[in-house]
Amino acid sequence: MWKQLYNQTGRLSRFIIRRDRIRLPIWLFSIIGITILTANAFTGLYQSDIERQAIAETMRNPAMTAMVGPGFGLDNYTVGAMMAHQMLLFTAIAVAIMSILLVTRHTRDDEEEGRIELVRSLPVGRLSNLTATVIVLFSVNLLLAILVGFGLFALGIESLDLNGSLLYGAGLGATGMFFTAVTALFAQASGNTRGTIGFSFAILLVAYLLRAIGDVSSEILSWLSPLGWIIGTQVYVNNYWWPIGLTVVASFVVVAIAMYLNAARDLGAGLLPSKPGRKHASKFLQSRVGLPFRLQRTGIIAWAIGMFILGTSYGSVLGDLETFLESSEMMREMLQAMDGLSLTEQYLTMLMSVISMICTVPALMFILKLRGEEKRNHLDHILARAVSRTRVMGSYLFLSLFFGSLMLILAVIGLWSAAAAVMDDPIAFTTLFQAAVAYLPAMWIMVGVAVLLIGVFPALTSLTWLYLGYSFFIVYLGGLLQFPEWLGKLSPFGQTPKVPVEELEFFKMVILTGVAVVLMVIGFIGYNKRDIS
């Protein structure tokens, strides 16, 4: 019985590792590297107790609590307490995203593509593929936990003791295991990849919101969220291990339910019934952008709400920011006084670069959807009719540019609205708008790179994410880690004028826009000439 269900699980596990022999090291290296580098950078950034306590005071407000969690150890804000407070939650979310994407790839996506059917035509157990996926992802998260734990301890920072460092790593690993289980469950419930990813990310978003609301108003709500459990470990302060045990036990329970459902359902079917569509398509659905918009409607709405909330979150802390910047000698040195500009306005340049790069993520998702449709052979039905490839690619490009720009504007509106409510002397909307618009050409270049790769090198479209990741790392942390300036210039975001500290150089923006146009034109030419896979 057991052999029938789990036959060849070990071999499938090795096969999954082989398929992800590039993805897994990139994820692990990125998460571990950023964690170690950030912890090391904190010691140089905040060298004295006075500077650490100054930043601790800015964390004592509901907005920051909602964003990064309650500040355990704010009265003695050591590097360890600072690391756990400011980095643990966001790193845990990154680990959750990794687990969601990888589990979906090896479960529902493989099933949708027919690869599971091929595997099951061989002497393989009914539960072998799901079991192999869970084993690999649990092992990856365990490895991540060990490497992060010993990596932080190896830095030799006094407040990063062995117990706290291992607990920090365990928090990340446990989060990854929980969302591995959640995604495995939704891979049984949903009938397609989009639904699996959508439901899993919805759980992640609900977990974040529950924790945020609970941390501000009711502690009980925080304990309903798995992210609240991880924050509740109080790493480097009280070092509670029992929330890790709770998370791991919950993960195994959810995996057991997923296994049961996997054994009970038919291959290719989901447990949630699919909603029947309309008999006739509307005029909008038959328009140039109607179908691409319909396919991505949920994502567009979710990202729009998310970007507005992101802008509001950043804007809500601007009221306390001026006090902190004035109290920190180091920050005053970094942001040298400029006539007519407050320290907060100068800090905006850094903030706007981060927001613009986050807003580039949905823009890339909207254009890369074209490649996804091609891989699933969905484009065959469209291109078999009197529809040119230029029109097909153009519709996806329009959505990417339009809604990518809209996300940035929504984030700015949220930022300005919240800032106007908390600041005595609010920043003018036109200042924020110009600072955001300056980054549009950089966003368009990233979209242009995606169009180029789709048109000329379709197998390498993942490099777009790598380039965006490089841009984020080098622009956001380059100054902190004192990287050479030319590394920042390799990213379009590093070439963008930092408004309002710098003038909005229209000539440079025209050049950047021209580069984006050239990339897109080459992509269109390649897309019209190459074979559709």
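Note that the coordinates shown come from a computational prediction; the quantities given were computed from them, not determined experimentally.

Caption draft 1: Inspection of the pattern of salt bridges at higher detail. Throughout the structure, instances matching the rule amount to 11 salt bridges. Arg19 is the partner of Asp110 in a salt bridge, and the nearest nitrogen-oxygen pair spans 2.8 Å. Residue Asp110 is found in helix H7 (residues 108–112), and its partner Arg19 is found in helix H2 (residues 9–19); the two are separated by 91 residues along the sequence. Here the residues in one salt-bridge network are Arg19, Asp109, Asp110 and Arg115, joined through shared partners.

Caption draft 2: A look at the side chain of Gln188. Its location among the elements puts Gln188 in helix H10 (residues 162–189). A distance of 2.8 Å separates polar atoms of two side chains, one belonging to Gln188 and the other to Asn262. When neighbours within four sequence positions are excluded, Gln188 is seen to be in contact with Arg108, Leu130, Ala258, Leu261, Asn262, Arg265, Ala269, Gly270 and Leu271.

Caption draft 3: Structural detail: empty space enclosed by the protein. With the rule as written, the count across this model stands at two cavities of 30 Å³ or more. Roughly 140 Å³ of volume is contained in the largest cavity. Lining the largest cavity are 17 residues, and of these Glu111, Ile116, Arg120, Asn129 and Asn262 lie nearest its centre. Contributions of two or more residues to the lining of the largest cavity are made by H7, helix H8 (115–120), helix H9 (128–154) and H10. Split into classes, the residues belonging to the lining of the largest cavity amount to six nonpolar, six polar and five charged. If you go around the second largest cavity, the residues you meet are Val68, Pro70, Phe72, Ala81, Ala84, His85, Leu88, Ile231, Gln234, Val235 and Val237. Considering every element that reaches the lining of the second largest cavity, the biggest residue donor is helix H6 (residues 79–106), with four residues. Here the lining of the second largest cavity is composed, by residue class, of nine nonpolar, two polar and no charged.

Caption draft 4: Summary view of the confidence of the model for the protein. Mean pLDDT over the protein: 86, with 93% of residues reaching 70 or higher. Of all the helices and strands in the protein, helix H17 (residues 329–334) carries the lowest mean pLDDT, 56, while H9 carries the highest, 96.

Caption draft 5: Region of interest: the packing of aromatic side chains. Per the counting criterion, the structure on display carries 14 aromatic pairs. With a centroid separation of 5.4 Å and an interplanar angle of 80 degrees, the aromatic rings of Phe138 and Phe252 are classed as edge-to-face. Here Phe138, found in helix H9, pairs with Phe252, found in helix H14 (residues 242–264); they are 114 residues apart in sequence, far enough to count as distant. Look at Phe293 and Phe403: their rings are 5.8 Å apart centre to centre, the planes differ by 25 degrees, and that puts the pair in the stacked class. Here Phe293, found in helix H15 (residues 290–316), pairs with Phe403, found in helix H20 (residues 389–422); they are 110 residues apart in sequence, far enough to count as distant. Classification of Phe293 by relative accessible area gives partly exposed; the value is 22%. Taking relative accessible area as the criterion, Phe403 reaches 12% and is therefore assigned buried.

Caption draft 6: Structural view of the nonpolar core. In terms of nonpolar packing, the biggest core is built from 78 residues, with Tyr77, Leu144, Leu152, Tyr168 and Leu172 touching the most fellow members. The biggest single contributor to this core is H6, with 16 residues. Discounting chain neighbours no more than four positions away, the residues touching Leu172 are Leu88, Thr91, Ala92, Val95, Asn141, Leu144 and Val148. Core analysis: the second largest hydrophobic core is formed by 61 residues, Ala304, Leu318, Phe403 and Ile454 among them.

Caption draft 7: Region of the structure containing a nonpolar patch on the surface. Residues Ile22, Ile26, Val456, Phe457, Leu460, Leu463, Leu466, Val518 and Ile522 make up a contiguous nonpolar surface patch of roughly 770 Å² in combined accessible area. Elements represented by at least two residues in the nonpolar patch include exactly helix H23 (463–477) and helix H25 (506–529). In this structure Leu460 comes out as partly exposed when scored by relative accessible area, which is 41%.

Caption draft 8: Focus on the domain arrangement of the protein. You can read the domains of the protein as domain 1 (1–264) and domain 2 (283–529). The gap between the C-alpha centroids of domain 1 and domain 2 is 27 Å.

Caption draft 9: Region of interest: unusual backbone geometry. If you check the backbone angles, Tyr236 has positive phi at about 65 degrees while not being a glycine. Judged by relative accessible area, which is 9%, Tyr236 ranks as buried. Even without glycine at this site, Asn239 takes up a positive phi of about 55 degrees. With respect to the helices and strands, Asn239 occurs in the loop between helix H13 (226–231) and H14.

Caption draft 10: Representation of H10 in the model. With 28 residues, H10 should reach 40 Å at 1.5 Å per residue; the first-to-last C-alpha distance of 41 Å fits that figure. In terms of residue burial, H10 counts as a mostly covered element, since 24 of its 28 residues are buried. Where H10 begins, the side chain of Asp161 points an oxygen toward the backbone nitrogen of Asn163, at a separation of 3.2 Å.

Caption draft 11: Inspection of the packing of helix H3 (residues 23–45) against H9 at higher detail. For the pair H3 and H9, the least separation of the axes is 10 Å and the interaxial angle reads 25 degrees. Our classification of the angle between H3 and H9 gives roughly parallel. Considering how the two elements wind past one another, H3 and H9 form a crossing that is right-handed. Here Leu24, Leu28, Ile31, Ile32, Thr35, Ile36 and Ala39 of H3 come into contact with H9, specifically with Val140, Leu143, Leu144, Leu147, Val148, Gly151 and Leu152. Here the residues of the contact of H3 with H9 are counted per class, giving 12 nonpolar, two polar and no charged.

Caption draft 12: Expanded view of the packing of H6 against H9. In contact at an axis separation of 11 Å, H6 and H9 are set at 155 degrees when each is read in the N-to-C sense. It follows from the interaxial angle that H6 and H9 lie roughly antiparallel. In the crossing of H6 with H9, the sense of the turn from one axis to the other is right-handed. Between H6 and H9, the contacting residues are Met83, Val95, Met98, Ser99, Leu102, Val103 and His106 on the first element and Asn129, Thr133, Leu137, Val140, Asn141, Leu144 and Leu152 on the second. Here the contact of H6 with H9 is built from residues that sort into nine nonpolar, five polar and no charged.

Caption draft 13: Focus on the environment of Ala170. Relative to the helices and strands, Ala170 is located in helix H10. For Ala170, a relative accessible area of 13% corresponds to the buried category. When the C-alpha atoms of Ala170 and Val248 are compared, they prove to be 10.0 Å apart, with 78 residues separating the residues in sequence. With sequence-adjacent residues up to four places away left out, Ala170 is seen in contact with Ala145, Trp241 and Ile244.

Procedures and definitions
- Residues numbered from 1 in each chain as written.
- Predicted model: local features only at pLDDT ≥ 70, side-chain atom pairs only at ≥ 80, totals over all residues.
- Heavy atoms only, no water.
- Salt bridge = Lys/Arg side-chain N within 4 Å of Asp/Glu carboxyl O.
- Helix = DSSP H or I, 4+ residues; strand = E, 2+ residues; numbered from the N terminus.
- Polar contact = N/O pair within 3.5 Å; in protein donor to acceptor, adjacent residues only side chain to side chain.
- Contact = heavy atoms within 4.5 Å.
- 1 Å grid on protein atoms, 1.4 Å probe; cavity = no way out; pocket = protein on both sides within 12 Å on 5 of 7 lines; lining within 4 Å.
- Points joined across faces, edges and corners; volume = space filled by probe spheres on them.
- Nonpolar A, V, L, I, M, F, W, Y, C, P; charged D, E, K, R; others polar.
- pLDDT = per-residue confidence, 0-100.
- Phe/Tyr/Trp six-rings, centres within 6.5 Å; stacked < 30°, edge-to-face > 60°.
- Buried < 20%, exposed > 50% of the residue type's maximum accessible area, 1.4 Å probe, protein only.
- Core = buried A, V, L, I, M, F, W, Y, C linked by side-chain atoms within 4.5 Å.
- Patch = residues over 30% accessible without salt bridge, like charges linked within 9 Å, V, L, I, M, F, W, Y side chains within 5 Å.
- Areas by Shrake-Rupley, 256 points an atom, 1.4 Å probe, with all protein chains shown as cover.
- Domains from an automatic or database assignment.
- Expected span 1.5 Å × (residues − 1).
- Axes fitted to C-alpha atoms, helices over the stretch in contact; angles between N-to-C directions.
- Parallel < 35°, antiparallel > 145°, perpendicular 65-115°, else oblique.
- Left-handed = near helix turned anticlockwise from the far one by under 90°.

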